[in-house]
Protein chains: 2
Amino acid sequence: MSAEVLVVALGGNAIKQADERGTTEEQFHNVDVTTKQIAKIAKAGYRLVVTHGNGPQAGALLIQQEECEHLVPGQTLAVCGAMTQGQIGWMMQNRLAYHLMREGVEAAICTVVTQVEVSDQDPDFQDPSKPVGPFYSREEALHLAEEKAYVVKEVKPGMEKSWRRVVPSPEPMDIVEKESINDLLNGGVIVIASGGGGIPVKKNGDGSYSGVEAVIDKDRAGFKLAQAVQADKFLILTDVEKVYLNFNKPGQKALDRLSVAEAESYEEQGHFLAGSMGPKIEAAIRFVKWSGKEAIITSLDKALEAVAGNTGTHITP
Amino acid sequence: MSAEVLVVALGGNAIKQADERGTTEEQFHNVDVTTKQIAKIAKAGYRLVVTHGNGPQAGALLIQQEECEHLVPGQTLAVCGAMTQGQIGWMMQNRLAYHLMREGVEAAICTVVTQVEVSDQDPDFQDPSKPVGPFYSREEALHLAEEKAYVVKEVKPGMEKSWRRVVPSPEPMDIVEKESINDLLNGGVIVIASGGGGIPVKKNGDGSYSGVEAVIDKDRAGFKLAQAVQADKFLILTDVEKVYLNFNKPGQKALDRLSVAEAESYEEQGHFLAGSMGPKIEAAIRFVKWSGKEAIITSLDKALEAVAGNTGTHITP
């Protein structure tokens, strides 16, 4: 039995499908499908750390908070991040426990509420890039910009509601709870951590951390997490089985295995979309450059096959 | 240095004062005051497990969900419990880390998203007793009872909005994540667990757990947590320094030290209010009966003095 450490980063569809409203029942169904795959990877003998996105869940909270500001005060983005870690962490640990039992794997599971340190000098604070929350009309957006000091941008020109709030997406620098995460992992526990890219915090002069209004990219944070636990493999799950060149264009070609140099070269040529495959490739490259081992990008349903080397896109030194 | 394990159960005012709206800033201020005390107890040499309520935070979520049902689907009570564990757990671990550093205590802190098992045969499912969420007029309440199959009760007769939704408050039977909690504690980590009484789950025929629409009393769950970690002391923090006989009546008398038999006798005489001091005394009695050691009830600002034996109400065999 291998004792390799594998970090799995789950895509948005692992918890809520794009065409769903996001009821508790729907989310539990998706989480059930997801954790069934994760249990199989655990059964294959890996020590697992799981991380995940929180876009739709945080988005739902932001809508509720904005609509109800007259009744109850909305919380900061950092608090919303913490809430979704509890929410998604619970659903995952609940269903993963069941599938581990079915696979005959004896392991406790623990969701760790995770802070991720960023620098408030990060250039993204000057020019926020990450859209969050609901879509607005131009008029609504400009009103919110004035009333709440939001930075707003037109993100889908041509739509009736084409504007959104944008927030900084700074580089993750450190996983604050790495000690607890490693303690648990070394004790044989499967850890769910750094959900939604982690709760973004900055270090103050007095040594304390405080929340910042930002959202950290979950794949980048996933790499920092992989580094913090000295992972052997980094598995990024998304909605396609393999990474493609010329995706959805003439000459589309699936990639099975590529070196860091090849990945960097394709990235420079603009093969990978920002906000989609781009950050995943980038996180994979960072991981392999750091550890010298393997990053894998594939779809949820092919996870186990890809870990065994039979499908997916493998990035190696 | 003592290696005794102490479980602290925090009252509602540890996170949100009754006269506050509950902004992130207000809650962080209260949590800061609270964790300063907890850090002093850690400095005194105890291995700590912290648990807390979530009434105002879960209440805020329920209001937002109800108002926005047309925009985003509300989540179940169990999910709301999980969300508030992330929210409050983060605020506490964030400020506690700072105060530990100031006290020179080196310890990691970990919030564990915690499920607590209940039985769906619990009699409270037949006659729900725990009010949750907003107050309604009679008309609104009866409408919701029909539309959403809520059980509603008039809880403050004479008020314009005197009705509330009531949900079952079943007996906690087991802390599902007790293994991870003990692993962390044995590794020297301060654990925050079972917030809001824990996420209520029932065990299904296939061995899985699923969330139930219920709220577990946090003091009762605190006792189960104390039992799960084999605690030496159980410290229940509330808004009074000591427990009183004839509270706010002629002949009011503070209690310094009482035996389980005395506590039970006073309880039978109706000295302790249901929904207030009653559950705390009851949890203290259960703890001492189980462990033969000491439960302490006091106020947040007297916590350290009370642990040292200089104030508070001490319940012993």
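Structure: above.
Residues numbered from 1 in each chain as written. Chains lettered and ligands numbered in written order. Predicted model: local features only at pLDDT ≥ 70, side-chain atom pairs only at ≥ 80, totals over all residues. Heavy atoms only, no water.

Novice: Would you mind going over the sheet that holds strand 4 (residues 115-117) of chain A in detail, with residue names and values included?
Specialist: Residues and elements named next belong to chain A. Spatially, 8-4-10-11 is the arrangement adopted by the 4 strands of the open sheet, whose pairing is mixed. In this open sheet, the two edge strands, each paired with only one partner strand, are strand 8 (174-175) and strand 11 (209-211). In this sheet, strand 10 (residues 199-203) lies alongside strand 4 in parallel orientation, the contact comprising 3 bridges. From the neighbouring strand, Q115 faces strand 10, where its bridge partner is I199. Those strands touched by helix 3 (residues 77-103) are strand 10 and strand 11, and its axis lies near 135° from that of strand 10. (Pairing = 2+ DSSP bridges. Helix = DSSP H or I, 4+ residues; strand = E, 2+ residues; numbered from the N terminus. Contact = heavy atoms within 4.5 Å. Axes fitted to C-alpha atoms, helices over the stretch in contact; angles between N-to-C directions.)

Novice: I'd love a proper account of the nonpolar core, names of residues and values included.
Specialist: Note that soluble globular proteins tend to have their nonpolar side chains buried in a common cluster. A:F234 and B:F234 are the most contacted members of the largest nonpolar core, which has 94 residues in total. Apart from the residues lying within four places of it in its own chain, the contact partners of B:F234 are B:V7, B:A9, B:D219, B:G222, B:F223, B:A226, B:A283, B:F287, B:E294, B:A295 and B:I296. Counting residues in each nonpolar core, the second largest holds 92 residues, with A:A14, A:Y209, B:I190 and B:A303 among its members. (Core = buried A, V, L, I, M, F, W, Y, C linked by side-chain atoms within 4.5 Å. Buried < 20%, exposed > 50% of the residue type's maximum accessible area, 1.4 Å probe, protein only.)

Novice: Can you break down the pattern of salt bridges residue by residue, with the values?
Specialist: Residue and element names in this part refer to chain A. Per the counting criterion, the structure on display carries 40 salt bridges over all chains. One salt bridge connects E305 with K302, and the closest N-O pair in it is separated by 3.9 Å. A cluster of three or more residues bridged by salt bridges with shared partners is formed by E4, K233, R257 and E294. (Salt bridge = Lys/Arg side-chain N within 4 Å of Asp/Glu carboxyl O.)

Novice: Tell me about the interface of chain A and chain B, and please be specific about residues and values.
Specialist: When the parts of a complex come together, some accessible area is lost, and that lost area is often taken as the interface size. Across the contact, 54 residues belong to chain A and 54 residues belong to chain B. Taking both sides of the interface into account, the surface hidden between chain A and chain B amounts to around 4300 Å²; carbon and sulfur atoms contribute 60%. Taken together, chain A and chain B are joined by 18 residue pairs in polar contact (both at pLDDT 80 or more). Counting residues per element, the ones that place at least two in the side of chain A that touches chain B are helix 1 (24-43), helix 2 (55-67), helix 3, strand 3 (109-112), helix 5 (178-186), strand 10 and strand 11 of chain A. A total of 12 residues in the side of chain A that touches chain B trace back to one element, the largest contributor, which is helix 3 of chain A. Here the residues of the side of chain A that touches chain B are counted per class, giving 24 nonpolar, 22 polar and 8 charged. (Buried area = accessible area lost by both parts, 1.4 Å probe. Polar contact = N/O pair within 3.5 Å; in protein donor to acceptor, adjacent residues only side chain to side chain. Nonpolar A, V, L, I, M, F, W, Y, C, P; charged D, E, K, R; others polar.)

Novice: Outline the sheet that holds strand 8 (residues 174-175) of chain B, listing residues and values.
Specialist: Residue and element names in this part refer to chain B. Pairing within the open sheet is mixed, and its 4 strands lie in the order 8-4-10-11. Of all strands in the sheet, those with a lone pairing partner are strand 8 and strand 11 (209-211), marking the two edges. Its contacts with the sheet put helix 3 (residues 77-103) on strand 10 (199-203) and strand 11, and the angle it makes with strand 10 is roughly 135°.

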